[in-house]
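# Close look at the chain arrangement
Take a look at the letters that make up each chain.
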Amino acid sequence: MPLISVSQLAVNRGELEVFSALNLEVAEKARIGLVGPNGGGKTTLLRVLVGEHEPDAGSVSRARGMRVGYVSQIQAPATKGSLRDDVLTAFND
């Protein structure tokens, strides 16, 4: 079973279609990269995957017990430590 499964996901911003008909599966131990132009929907997709933003269509399924963390690219560093320390703050809750 995949850790995350996305089916027919769509997000719109008014008249702008950010993405549509997006299907994705992330397998256990997969290493993935999310690459695209500025304004291409990368951050929007991550916000949907963590549940911070609701899609206009489609569904996101997570494996039982799965937690997804997200550290905003805009926020100030959360710790005085390393980048790893800062990223781990996504799971503080």
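Residues numbered from 1 in each chain as written. Predicted model: local features only at pLDDT ≥ 70, side-chain atom pairs only at ≥ 80, totals over all residues. Heavy atoms only, no water.

Looking at the secondary structure, you find T44 in helix α1 (residues 42-49). Classification of T44 as buried rests on a relative accessible area of 13%. For T44, the contacting residues outside a window of four places in its chain are V11, R13, V18 and F19. (Helix = DSSP H or I, 4+ residues; strand = E, 2+ residues; numbered from the N terminus. Buried < 20%, exposed > 50% of the residue type's maximum accessible area, 1.4 Å probe, protein only. Contact = heavy atoms within 4.5 Å.)

Take unusual backbone geometry next. Notably, Q8 is not glycine yet its phi reads approximately 50°, a positive angle. With respect to the helices, strands and loops of the structure, Q8 is situated in strand β1 (residues 4-13). The backbone of A21 sits at a positive phi, close to 50°, despite the residue not being glycine. If you trace the backbone, A21 turns up in strand β2 (residues 16-26).

As a further point, take the pattern of salt bridges. For the structure on display, the rule yields 1 salt bridge. For E52, the salt bridge identified is with R47, shortest N-O distance 3.3 Å. Overall, R47 belongs to the partly exposed group, its relative accessible area being 28%. (Salt bridge = Lys/Arg side-chain N within 4 Å of Asp/Glu carboxyl O.)

Let us now look at the confidence of the model for the protein. Residue-level pLDDT values for the protein average 87, and 91% of them are 70 or greater. Taking the mean pLDDT of every element in the protein, the minimum, 77, falls on helix α2 (residues 83-88) and the maximum, 96, on β1. (pLDDT = per-residue confidence, 0-100.)

All of the buried residues in α1 are T44, L45, V48 and L49. Seen end-on, α1 carries its buried residues on one side only, within an arc spanning 140°. Those residues of α1 that are buried lie in contact with β1, β2 and β3 (57-62). (Arc of directions from axis to C-beta.)

Before going further, it helps to examine the sheet that holds β1. The pairing of strands in a sheet comes from backbone hydrogen bonds and takes either a parallel or an antiparallel form. With respect to topology, 3 strands assemble into an open sheet ordered β2-β1-β3, the strand pairing being antiparallel. Edge positions in the sheet fall to β2 and β3, since each has one partner strand and no second. Shown here is a sheet whose adjacent strand axes are inclined to one another by a mean of 20°, direction ignored. For β1 and β2, the ladder comprises 7 bridges, and the chain directions are antiparallel. Residue V11 lies in a different strand from β2, and its bridge partner there is F19. In the packing of α1 onto the sheet, contacts are made with β1, β2 and β3, and the angle to β1 comes to roughly 125°. (Pairing = 2+ DSSP bridges. Axes fitted to C-alpha atoms, helices over the stretch in contact; angles between N-to-C directions.)

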